[in-house]
Every structure is written in C-alpha cells, then in structure tokens.
Amino acid sequence: MPPQPAVSAAVSPEDELSTKAAALTVQEAAETQPPAHRNHDPQYNMKRSDPFQFGSRYLQEEDDVFEFNAWDHVETDDTYKEYAEQQYAKQRESPVSDFDKNRFNSDPAKWWNLFYKNNTANFFKNRKWLQQEFPILDKVTSEDAGPMTILEVGAGAGNTAFPILANNKNPKLKVHACDFSKKAVEVMRAHEEYNTDFMQADVWDAAGDDLPPGLGESSVDVVLMIFIFSALSPKQWERAVQNIYRVLKPGGEVCFRDYGRGDLAQVRFKKGRYLEENFYIRGDGTRVYFFEKDELAQIWSGATEDFKEVESDETKDSTQAETKPALFDVEELGVDRRMLVNRARKLKMYRCWIQGRFRKK
C-alpha cells in the first residue's frame, strides 16, 4: 500500500493547556535567574574598568543580606548610625589621660617598633589589588616606561613594594620603601626578595624636616600612601603634605587610601582610647585617625587662609588673611563603603575607606 499523506492530529484542550503550562514554567525559570551582581557563576566575577567604582554588588531591597560575604556601596542604616553616635559620645566621655596622651604622642616610633617586633612579615596580606585600584602603577612598571621612581610612605613589612616588584617589567624602576619604624625597615631588608637594584628601604619620618634618604627635590614620579596618613597626628599633616610635594616631580601623582569616618574600627573603640575627635590609640599603642572626604580634599589641595596678627596705628589686635597656594589637584576622591556580613552569626559590619589621587601642580 502506498504511503498515505500525513494528517495533522487534532490537539485536545488538555494537551494545549499542558503545552502552555510547560512553556510558562520555562519562561518563569528564565526570569528567576539572579542578576549578574548576585550570581555565583564565576563568569560574572569580572574586573571593573573604573578603579573608583569600588565594586558592583549593590544590595537591593529584595536581596538576602546574608547570601554573600560582602556588599558594595552600602550606606549605614539608621540603627547603625544611632549606635555609632552613642559610641562616639561614650568615647568622648572617657578620653585618654593626659599622661598617656603625652606617652603615646611623644614617641610614636617606639610603638610602631614594638608592633613590627611582635608581628612578623606574615601579619599583613600582600596588597595585590593596588594595580587594579591605581592604574598608574601598570604604567610605571611597563617594559618601555623608562626611568621611574616610586616612593612608598609607611611601607611597613613591604606588603606593597614586593608585589609591585614581582609584577615589574621595567628594568629602570626604583622603589624607595620608607617607614617610620626601624624594625619595619629591618624586616624589609631581610626579605628574600629584597634587591637593592630595584628597591631601597629606609627609615623616614614623613612629617620631619628631611626628605627620604637618596631622594632630592622633584625626583619621584609616584608616591604611595596606603593606610599611613591616619597614623599621623593632625598637627603633622601640613608638614607631611609639604614633604610629599617637595619630593614629587611636577605632575607627579599621589595614590592614597585610608580610613573613613564611621568605619567599624572607629565605632568599636572602647573608653580610654579617644585622643581627640576622630583620633584614637589602639591597644598596641599605635595611633589612627578616621577622615571625612571633604577634610581630605582640603588637606591635599592645601588652599587655605591663615590669619596672622598685624600691627597698625589703629590697633594692635587686627588680623590679616594670608592665602596659601594650592599644592595638589584632587583628581579623584571617593568613599568606598562596604557591608561585610558574618553569615553564620547573622552579623552586619560596615567598613568605610577613602581613596584618592592627588597630582602635584
């Protein structure tokens, strides 16, 4: 018997409904795919193109806070703000005694030496993230960059300098790694990767009268200041900025990162640690300051008005404003706010850092 032409079978209402339901299930599954910022798939772990973007995992209203270990750009909630203000009030009520204030402020190098004596080079993790945050480091370490000089202020155990040199392709790069602590410099010099062809580690007080050993005026291309400015007393800021200005070449760049006001570390301080507003003594005797963004912009631009007493025939108490020229252009200054979570204990912890790039005028 010859083959018969195909006849389309009639579709029952039940079959049609079943087909639509199946299609609807597939559609819903596609719609419930988590957005990129919440997706655990490694393909979404892409590096950001803007260093001052500070991550892209935004916490949205429908998100589960405890799904990830950290969220980016999270403003503190009202409960935390109220708690923080209560903590600040308690801190102010129980400041460091005058005796201890003098003890810690008169010889800060002593406390940093003890710190590095008690904490080996393994205490800090290597800062491999720096070249992502500050692209200028890729430029000066490239093979054809030519003679380049980096000064790291507050180099500690070398956890910034050594990773930079590990990725360096520039045969004419020199890193000057300076620290206030003699013990920290000893740790760097004893490191197996310490090579005087590319690195020089020295003791230097950033707020002192002299420039770093081996460096003259306008001799440095890039200055790194990573969690170091906060260790200085507010009275030392102006001199430190002037010293950085002196050592940098015209157009030279400062790469800066430090603690912001409201960071968990500040809120956690107990009584007997408050030196002055936003300035504290840690348990190990080292000092730390927590900055406001506008405050840093003012410090680094250097454009201020000083009022000095002048004598005249009319009065002996008159004052005259003297405007100081701006030292640096503030090219970028951003606040990096993150919420870290302890998923096991259901705790939320707010961190705040400030990152900037300042260019010598």
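What you are looking at is a predicted structure, and each value in this text was computed from that prediction instead of being measured.

Caption draft 1: Summary view of the overall build of the protein. When its secondary structure is counted, the protein shows 11 helices and 13 strands. By residue count, 42% of the 361 residues in the protein fall in the buried class. Counting contacts in the protein only where the partners sit at least 6 residues apart, residues at least 24 apart contribute 71% of the total. Looking at the protein as shown, the accessible area adds up to about 20500 Å², and 49% of this sits on carbon and sulfur atoms.

Caption draft 2: Up close: helix α11 (residues 293–301). Taken together, the buried positions of α11 are Leu296, Ile299, Trp300 and Ser301. One or two steps after α11, the chain reaches Gly302, where phi turns positive at roughly 75°.

Caption draft 3: Highlighting unusual backbone geometry. In this structure, Phe227 takes a positive phi of about 55° despite not being glycine. Even without a glycine there, the phi angle at Asn278 is positive, about 70°. Following the sequence through the fold, Asn278 ends up in the loop between β7 (274–276) and β8 (279–281).

Caption draft 4: Just the pattern of salt bridges, in detail. By the definition in use, this model includes 18 salt bridges. Across the pair Arg189 and Asp202 runs a salt bridge, and its minimum N-O distance is 3.2 Å. With Arg189 in helix α8 (residues 182–189) and Asp202 in strand β4 (residues 199–203), this pair connects stretches of sequence that are 13 residues apart. With relative accessibility at 9%, the residue Asp202 sits in the buried group. It is possible to trace a salt-bridge network through shared partners that takes in Glu253, Glu331, Glu332, Arg357 and Arg359.

Caption draft 5: How the structure looks around the packing of helix α9 (residues 237–247) against α11. The N-to-C vectors of α9 and α11 enclose an angle of 55°; their axes lie 9 Å apart at closest approach. Classified by the angle between their axes, α9 and α11 sit oblique to one another. Between α9 and α11, the residues in contact are Trp237, Val241 and Ile244 and Glu295, Ile299 and Trp300, respectively. When grouped by side-chain class, the residues that make up the contact of α9 with α11 number five nonpolar, no polar and one charged.

Caption draft 6: Geometry of the confidence of the model for the protein. When pLDDT is averaged across the protein, the result is 80; 70% of the residues are at 70 or more. In the model, residues 1–14 has pLDDT below 50 throughout and makes one contact with residues more than four positions away in sequence or in other chains. Note on residues 42–49: pLDDT is under 50 here. Beyond four places in sequence and across chains, it has eight contacts.

Caption draft 7: Region of the structure containing the nonpolar core. Counting 42 residues, the largest nonpolar core has Val223, Met225, Phe229, Ile244, Val254 and Trp300 as the members making the most contacts within it. Those residues within four positions of Val254 in sequence are excluded, and the remaining contacts are Val223, Met225, Ile244, Leu248, Trp300, Phe328, Gly356, Arg357 and Phe358. Counting 24 residues, the second largest nonpolar core, distinct from the first, contains Leu130, Ile164, Tyr194 and Cys255.

Caption draft 8: Fine view of the sheet that holds strand β9 (residues 287–289). Strands sit in the order β7-β8-β9 across an open sheet of three strands; the sheet is antiparallel. Looking at strand neighbours, the two that pair on one side only are β7 and β9, the edges of this open sheet. Within this sheet the neighbouring strands show an average axis-to-axis angle of 30°, counted without direction. In the sheet, β8 pairs with β9 via three bridges, with the strands oriented antiparallel. Paired with Phe279 across the bridge in β9 is Tyr289.

Caption draft 9: Examining the side chain of Ser301 more closely. Within the secondary structure layout, Ser301 lies in helix α11. Here Gln298 takes part through its backbone oxygen, which lies 3.3 Å from a polar atom of the side chain of Ser301. Discounting residues that sit within four places of it in the chain, Ser301 has contacts with Pro325, Ala326, Leu327, Phe328 and Val330.

Quick notes on the rules
Residues numbered from 1 in each chain as written. Predicted model: local features only at pLDDT ≥ 70, side-chain atom pairs only at ≥ 80, totals over all residues. Heavy atoms only, no water. Helix = DSSP H or I, 4+ residues; strand = E, 2+ residues; numbered from the N terminus. Buried < 20%, exposed > 50% of the residue type's maximum accessible area, 1.4 Å probe, protein only. Contact = heavy atoms within 4.5 Å. Areas by Shrake-Rupley, 256 points an atom, 1.4 Å probe, with all protein chains shown as cover. Salt bridge = Lys/Arg side-chain N within 4 Å of Asp/Glu carboxyl O. Axes fitted to C-alpha atoms, helices over the stretch in contact; angles between N-to-C directions. Parallel < 35°, antiparallel > 145°, perpendicular 65-115°, else oblique. Nonpolar A, V, L, I, M, F, W, Y, C, P; charged D, E, K, R; others polar. pLDDT = per-residue confidence, 0-100. Core = buried A, V, L, I, M, F, W, Y, C linked by side-chain atoms within 4.5 Å. Pairing = 2+ DSSP bridges. Polar contact = N/O pair within 3.5 Å; in protein donor to acceptor, adjacent residues only side chain to side chain.

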